[in-house]
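Inside the fold
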Amino acid sequence: MLIEKIIQELQAIPEDKLTEIYDLIHYFRLGLNPEKSATVTDNEAEPRRPGLLTGELSDAFFEPLPEEELQPWE
(Lines give C-alpha, C1' and ligand atoms only; values in the text may rest on other atoms or scores of the structure.)
Protein backbone atom coordinates (compact mmCIF):
# COMPACT_ATOMS: atom_id res chain seq x y z
CA MET A 1 0.00 0.00 0.00
CA LEU A 2 1.22 3.50 -0.83
CA ILE A 3 0.80 4.92 2.68
CA GLU A 4 3.16 2.26 4.04
CA LYS A 5 5.80 3.22 1.45
CA ILE A 6 5.43 6.88 2.42
CA ILE A 7 5.81 6.07 6.12
CA GLN A 8 8.87 3.94 5.38
CA GLU A 9 10.46 6.85 3.48
CA LEU A 10 9.62 9.26 6.31
CA GLN A 11 11.31 7.01 8.86
CA ALA A 12 14.58 7.28 6.88
CA ILE A 13 14.62 11.10 7.02
CA PRO A 14 17.04 12.68 9.52
CA GLU A 15 15.38 14.26 12.56
CA ASP A 16 16.65 17.76 11.70
CA LYS A 17 14.84 17.65 8.32
CA LEU A 18 11.44 16.53 9.60
CA THR A 19 10.20 20.10 10.11
CA GLU A 20 10.66 20.82 6.41
CA ILE A 21 8.79 17.65 5.46
CA TYR A 22 6.00 18.45 7.90
CA ASP A 23 5.61 21.95 6.46
CA LEU A 24 5.49 20.58 2.92
CA ILE A 25 2.81 18.02 3.78
CA HIS A 26 0.83 20.40 5.98
CA TYR A 27 0.62 23.22 3.46
CA PHE A 28 -0.02 20.80 0.60
CA ARG A 29 -2.94 19.35 2.54
CA LEU A 30 -4.30 22.81 3.33
CA GLY A 31 -4.25 23.57 -0.38
CA LEU A 32 -6.53 20.58 -0.94
CA ASN A 33 -9.15 22.11 1.39
CA PRO A 34 -9.61 25.71 0.19
CA GLU A 35 -12.61 26.24 2.49
CA LYS A 36 -10.31 25.79 5.50
CA SER A 37 -8.36 28.76 6.71
CA ALA A 38 -4.59 28.47 6.33
CA THR A 39 -3.92 30.67 9.33
CA VAL A 40 -2.17 29.24 12.34
CA THR A 41 -3.68 29.86 15.74
CA ASP A 42 -1.57 30.87 18.72
CA ASN A 43 -1.87 27.35 20.11
CA GLU A 44 -0.53 25.78 16.89
CA ALA A 45 2.34 28.21 16.32
CA GLU A 46 5.81 27.30 17.51
CA PRO A 47 7.49 29.96 19.61
CA ARG A 48 9.91 32.04 17.56
CA ARG A 49 13.61 31.98 18.24
CA PRO A 50 14.85 35.29 16.87
CA GLY A 51 18.13 35.49 15.02
CA LEU A 52 21.07 33.19 14.66
CA LEU A 53 23.33 34.93 17.14
CA THR A 54 23.58 34.06 20.80
CA GLY A 55 23.77 36.55 23.63
CA GLU A 56 21.61 39.37 24.87
CA LEU A 57 21.20 43.04 24.01
CA SER A 58 22.15 45.61 26.59
CA ASP A 59 20.00 48.66 27.33
CA ALA A 60 22.41 50.74 25.21
CA PHE A 61 21.02 49.04 22.10
CA PHE A 62 17.68 50.77 22.66
CA GLU A 63 19.08 54.25 23.29
CA PRO A 64 18.70 56.85 20.53
CA LEU A 65 21.56 57.03 18.04
CA PRO A 66 23.83 60.06 18.15
CA GLU A 67 23.20 62.76 15.53
CA GLU A 68 26.44 61.98 13.66
CA GLU A 69 25.20 58.40 13.16
CA LEU A 70 21.79 59.55 11.91
CA GLN A 71 23.05 62.12 9.39
CA PRO A 72 24.26 59.67 6.71
CA TRP A 73 20.81 58.02 6.66
CA GLU A 74 18.90 61.20 5.89
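Just so you know, these numbers come straight off a predicted model, no measurement behind them.

**What to know about the overall build of the protein**
- Looking only at helices and strands, one finds three helices and zero strands in the protein.
- Shown N-terminal to C-terminal, the secondary structure of the protein runs as helices and strands in the order α-α-α.
- Across the 74 residues in the protein, those meeting the buried criterion constitute 3%.
- Of the roughly 7900 Å² of accessible surface on the protein, a fraction of 58% belongs to carbon and sulfur atoms.

**Points about the confidence of the model for the protein**
- Taken residue by residue, the protein gives an average pLDDT of 82. The fraction at 70 or more is 82%.
- Taken element by element, the predicted model of the protein shows its lowest mean pLDDT in helix 2 (residues 18-32) (87) and its highest in helix 1 (residues 2-11) (92).

**Some words on the pattern of salt bridges**
- Tallying each qualifying case throughout the model produces one salt bridge.
- Of the charged contacts in the structure, one is a salt bridge between Lys17 and Glu20, with a shortest N-O distance of 3.7 Å.
- The class for Lys17 is partly exposed, based on a relative accessible area of 39%.

**Considerations on the packing of aromatic side chains**
- The full count for this structure, using the stated rule, is one aromatic pair.
- Ring centres of Phe61 and Phe62 lie 5.1 Å apart, and the angle between their planes is 85°; on these two criteria the pair is classed as edge-to-face. With respect to class, Phe61 is no different from Phe62; both count as exposed.

**Considerations on a nonpolar patch on the surface**
- On the surface, a nonpolar cluster with roughly 530 Å² of combined accessible area is contributed by Met1, Leu2, Ile3, Ile6 and Ile7.
- Positionally, Ile3 belongs in helix 1.
- Judged by its relative accessible area of 48%, Ile3 falls in the partly exposed class.

Rules used throughout
- Residues numbered from 1 in each chain as written.
- Predicted model: local features only at pLDDT ≥ 70, side-chain atom pairs only at ≥ 80, totals over all residues.
- Heavy atoms only, no water.
- Helix = DSSP H or I, 4+ residues; strand = E, 2+ residues; numbered from the N terminus.
- Buried < 20%, exposed > 50% of the residue type's maximum accessible area, 1.4 Å probe, protein only.
- Areas by Shrake-Rupley, 256 points an atom, 1.4 Å probe, with all protein chains shown as cover.
- pLDDT = per-residue confidence, 0-100.
- Salt bridge = Lys/Arg side-chain N within 4 Å of Asp/Glu carboxyl O.
- Phe/Tyr/Trp six-rings, centres within 6.5 Å; stacked < 30°, edge-to-face > 60°.
- Patch = residues over 30% accessible without salt bridge, like charges linked within 9 Å, V, L, I, M, F, W, Y side chains within 5 Å.

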